[in-house]
Amino acid sequence: MFNYGNTQHPQCISPDAQLEIINPAKPSQNDKVNAIVDSGAMITCLPESTVNNIGELEYDIVEARTANGKIVSLKKYIVHITISNDDNSNSCQHEVQDIAVLAIPNKGYALIGRDIINDYKVVLDAPKGQWGLRCMEYCENQE
């Protein structure tokens, strides 16, 4: 199970995880970034700095609509992602191979978008401050 955290804003407690971003061509080149679940994001978004830290990758330029409705041009990359707790516990981990992500400027955290959310059963357990991706039953049995 993943925990709720405050990656986005100290007063905003939200579903929180850590992503390990891996260069598909050179798996030894990787970086970690904190992330929040963002059901408003159609595609998973990573800080440009995180993408730059994993080496050179091919990209396409795509147009995307921001949360405030502005159309912007962003770089779209293909990466591998491992989603895990940020507390280094041995609870659930999920690997996502060859996923398209957008690089966004001026963010200190990543957004787990509906592209990943739609592939998993996502359960939010607000009273316990936890959430899960397709592992809820397994994780509950491990507690």
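In this text, all values refer to a predicted model and were calculated from it rather than measured experimentally.

Quick rundown of the overall build of the chain? Include the residues and the values.
Regarding its fold elements, the chain presents three helices and ten strands. Listing each helix as α and each strand as β along the chain from the N terminus yields β-β-β-β-α-β-β-β-β-α-β-β-α. Burial status across the chain gives 41% buried among its 143 residues. Taking the contacts inside the chain whose residues are at least 6 apart along the sequence as the reference set, 57% of them involve residues at least 24 apart. Just so you have it, the chain exposes about 8,200 Å², and 44% of that area is on carbon and sulfur atoms.

An account of the environment of L102 is needed here, citing residue identities and associated values.
Looking at the secondary structure, you find L102 in strand β7 (residues 94-104). Note: C-alpha distance between L102 and S73 (29 residues apart in sequence) is 9.9 Å.

With reference to specific residues and values, describe unusual backbone geometry.
Even without being a glycine, D98 presents a positive backbone phi close to 45°. Looking at the element boundaries, D98 is found in strand β7. Here the phi dihedral of N106 falls at roughly 60°; this positive angle occurs in a residue that is not glycine. The topology assignment puts N106 in the loop between β7 and β8 (110-112). For N106, a relative accessible area of 81% gives the class exposed.

I'd like to hear about the confidence of the model for the chain, residue by residue, with values.
Across the chain, pLDDT averages 83, with 79% of residues at or above 70. Within the chain, the lowest mean pLDDT, 49, falls on helix α3 (residues 136-142), and the highest, 97, falls on strand β4 (residues 45-47).

Account for the side chain of T50, with residues named and values stated.
Looking at where T50 falls in the secondary structure, it is placed in helix α1 (residues 48-52). Look past the residues within four positions of T50 in its chain and what remains in contact with it is I21, D31 and V33.

Rules and cut-offs
Counting restarts for each chain, with residues numbered from 1 along the sequence as it is written. Where totals are concerned, whole chains, interfaces and linings use all residues; where local detail is concerned, this predicted model gives features only for residues with pLDDT of at least 70, and gives and counts side-chain atom pairs only at 80 or more. Just so you know, side-chain values use all the structure's heavy atoms and leave hydrogens and water out. Under the DSSP-based scheme used, a helix requires at least four consecutive residues in state H or I and a strand at least two consecutive residues in state E, with every element numbered from the N terminus. Any residue under 20% of the maximum accessible area for its type is buried, any over 50% is exposed, and the rest in between are partly exposed; the area is computed with a 1.4 Å probe on protein chains only. We call two residues contacting when some pair of their heavy atoms lies within 4.5 Å. Surface accessibility in these figures is a Shrake-Rupley result with a 1.4 Å probe; residues are shielded only by whichever protein chains are displayed. The predictor's confidence in any single residue is recorded as pLDDT, a number from 0 to 100.

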